[in-house]
Amino acid sequence: QVQLVESGGGLVQPGGSLRLSCAASGFTFRTYPMSWYRQAPGKERELVAGISSAGINTNYADAVKGRFTISRDNAENMVYLQMNSLRPEDTAVYYCNAKYSMLYNYWGQGTQVTVSS
């Protein structure tokens, strides 16, 4: 079955860095655009970054541009989110998403990122 398993979250001080990983299985990973979303308490889930199936094109939310980098390894069925210069407002549960169409749209269970001193 389809699985997306995030890891790498945790507690970090403002200005610090974290690297999130998402291990994918159960579908043809190399054909799916992949994204990272986040949801903070009391807020709606929002798109953080996306990457095309071949990894050529990326897009970022304005709030993270220049600080976060999305990447993927199609040989290993992995997608990553490198997060630098973290701020308290980056605190959220981060979710990995694989979406080929409205029907083929998969989510991970999420990983908590807390930015606090």
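Each chain has its residues counted from 1, running along the sequence as written. Two thresholds apply to this predicted model, a pLDDT of at least 70 for residue-level local features and 80 or more for giving and counting side-chain atom pairs, whereas whole-chain, interface and lining totals are computed over all residues. Water and hydrogen atoms were dropped before computing side-chain values, which therefore reflect all heavy atoms in the structure.

Caption draft 1: Structural context of the state of the cysteines. Our working definition of a disulfide is a cysteine sulfur pair at a distance within 2.5 Å. Enumeration over the complete set of coordinates arrives at one disulfide. Note on cysteine connectivity: Cys22 is disulfide-linked to Cys96, with sulfurs 2.2 Å apart. Classification of the bridge connecting Cys22 and Cys96 rests on its S-S torsion, roughly -85°, and on that basis the disulfide is left-handed. Of this pair, Cys22 sits in strand S3 (residues 18-25) while Cys96 sits in strand S9 (residues 92-99), and the two are 74 residues apart along the sequence. When a residue's accessible area, from a 1.4 Å probe over protein chains only, is under 20% of the maximum for its type it is buried; when over 50% it is exposed; and in between it is partly exposed. Its relative accessible area of 0% is what places Cys96 among the buried residues. Only DSSP runs of H or I covering at least 4 residues are called helices, and only runs of E covering at least 2 are called strands; the numbering of each starts at the N terminus.

Caption draft 2: The arrangement of unusual backbone geometry in detail. The backbone of Asn77 sits at a positive phi, close to 55°, despite the residue not being glycine. Tracing the sequence through the fold places Asn77 in the loop between strand S7 (68-73) and strand S8 (78-83). The class of Asn77 is partly exposed, set by a relative accessible area of 24%. We note that Ser85 has phi near 50°; this positive angle belongs to a residue other than glycine.

Caption draft 3: The arrangement of the side chain of Asp90 in detail. Mapped onto the elements, Asp90 comes out in the loop between S8 and S9. You can call Asp90 buried: its relative accessible area is 0%. N or O atoms within 3.5 Å of each other form a polar contact, as long as, within protein, one can give a hydrogen and the other can take it, and as long as residues adjacent in sequence are counted only when both atoms are side-chain atoms. Within the local environment of Asp90, its side chain forms a polar contact with the side chain of Arg67, the two groups lying 2.8 Å apart. Side-chain polar atoms of Asp90 contact the backbone nitrogen of Arg87, separated by 2.8 Å. Note on contacts: a residue pair is in contact if any heavy atoms of the two residues lie within 4.5 Å. Ignoring sequence-local partners within four residues, the contact set of Asp90 consists of Arg38, Arg67, Phe68, Ser85, Val113 and Val115.

Keep in mind these values describe shape, not function.
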